[in-house]
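Each chain, letter by letter, is given below.
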Amino acid sequence: LRKIDALTVGNEAPKDTQMMMTMKIVSSSGNQKMRELQTWTKNNPDQDDFRLMKFTSPPDVRNVGFLTLSDEQMYLYLPEFRRIRRIASHNKSNQFMGSDFSYEDLGVSSFQKYYEAEIMSEEDDSWMLKLSKKPDADKPYEKIEMWVSKESNLPTKMKLYDSSGNLWKEELQENKSFDSYWIPVKITMKNLKEDSWTELTMKEIQTDQGLDSEIFTPRYLKR
């Protein structure tokens with residue numbers, strides 16, 4: 001788990017990333033919505049990373065922005081109302097823009113900070129971990145079962161359980177070597193309670209661009 005954190009939010013992660021994302025939302029009835037976003041992330045080793053996401057299409061969500069500075073500092077910009085709304089702690093597990101990802105899922109923070117881990121099994125190419133939420137952790141998932149690739153040291157699959165111990169979501173993650181880093185290039189979140197799923201596909205990935213910290217401010221959300 002320390003290795004995963006090092007590669008995602010620690011000293012071995014890209015200093016910053018910039019990419020385009022395609023979001024495909026599929027309802028239980030099979031209806032599909034396609035959306036596109038631009039995303040910037042800034043690495044802050046030993047702290048929560050910063051992430052800004054802005055929708056570029058379709059027109060009904062264009063310029064909607066989401067900024068996360070920590071688990072307790074998340075902001076949503078709604079251009080229709082020209083205002084920024086801070087996401088309250090009790091709303092972090094709500095759906096993000098009608099997708100199967102919650103605001104919490106799209107944050108960038110350490111697993112170690114909130115979970116204790118133990119290795120449950122090992123295969124030639126992977127480990128299976130069980131993550132148990134720490135008593136004082138403010139997280140929606142009581143338990144996480146995580147499969148980790150030995151090649152990338154990143155998760156490839158997670159089963160996410162609610163506070164009652166029921167299986168809630170399943171997340172699949174494809175990772176690719178990019179420059180000197182391993183980076184997720186496709187993440188699929190299945191909501192097993194709603195029988196719906198959302199797929200995020202990353203493209204036009206750039207790393208270590210020296211992004212200005214000014215990008216990661218509530219003021220920039222409106223630009």
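Keep in mind that this is a model prediction, so the values were computed, not measured. (Residues numbered from 1 in each chain as written. Predicted model: local features only at pLDDT ≥ 70, side-chain atom pairs only at ≥ 80, totals over all residues. Heavy atoms only, no water.)

Draft legend 1. Spatial organisation of the overall build of the chain. Scanning the chain from N- to C-terminus turns up two helices and 13 strands. A compact globule built from 223 residues would reach a C-alpha radius of gyration of about 17 Å, and the chain, at 17 Å, matches this within 12%. Viewed in the frame of its principal axes, the chain has a C-alpha envelope of about 50 × 40 × 35 Å. Put simply, the chain has 223 residues, and 49% of those count as buried. Restricting the contact set of the chain to residue pairs at least 6 apart, pairs at least 24 apart contribute 43%. (Helix = DSSP H or I, 4+ residues; strand = E, 2+ residues; numbered from the N terminus. Rg over C-alpha atoms; globule rule 2.2 N^0.38 Å. Buried < 20%, exposed > 50% of the residue type's maximum accessible area, 1.4 Å probe, protein only. Contact = heavy atoms within 4.5 Å.)

Draft legend 2. Structural view of the packing of aromatic side chains. Under the counting rule described, the total for this entry stands at six aromatic pairs. Between Phe66 and Phe96, the aromatic rings sit 5.2 Å apart at their centres with planes inclined by 45°, giving tilted as the arrangement. Of the two residues, Phe66 is situated in strand 4 (residues 65–70) and Phe96 in the loop between strand 6 (83–86) and strand 7 (115–122); the sequence distance between them amounts to 30 residues. Members of the aromatic cluster, joined through ring pairs, are Phe55, Phe66, Phe96 and Tyr103. The side chain of Lys157 reaches across the aromatic face of Trp147, ending 4.9 Å from its centre. Looking at Lys169, its charged tip hangs above the ring of Trp168, at a distance of 5.1 Å from the centre. (Phe/Tyr/Trp six-rings, centres within 6.5 Å; stacked < 30°, edge-to-face > 60°. Lys NZ or Arg CZ within 6 Å of the ring centre and 35° of its normal.)

Draft legend 3. How the structure looks around the nonpolar core. Counting residues in hydrophobic clusters, the biggest one holds 40 residues, and the most contacted among them are Phe55, Phe66, Phe96, Phe111, Ile144 and Met146. Elements with a contribution of two residues or more to this core: strand 1 (16–26), strand 3 (50–57), strand 5 (73–78), strand 8 (126–133), strand 9 (143–149), strand 10 (155–161), strand 12 (181–191) and strand 13 (196–207). Broken down by element, this core gets its largest block of residues, five residues, from strand 12. In this view, Met146 contacts Leu1, Ile4, Phe111, Trp127, Met128, Leu129, Leu131, Pro155, Lys157 and Met158; residues no more than four positions away in its chain are not counted. Leu67, Tyr75, Leu211 and Leu221 belong to the second largest nonpolar core, which has 11 residues in total. (Core = buried A, V, L, I, M, F, W, Y, C linked by side-chain atoms within 4.5 Å.)

Draft legend 4. Layout of the pairing of strand 13. Where strand 1 lies against strand 13, nine bridges are found, and the strand directions are antiparallel. Of the residues in strand 13, the one forming a bridge with Met23 is Leu200. Inspection of the sheet shows strand 12 paired to strand 13 by six bridges, in the antiparallel sense. What sits directly across from Ile187, in strand 13, is Leu200. Hairpin connection, strand 12 to strand 13: the antiparallel pair is bridged by four residues, and Asp195 has positive phi, about 60°. (Pairing = 2+ DSSP bridges.)

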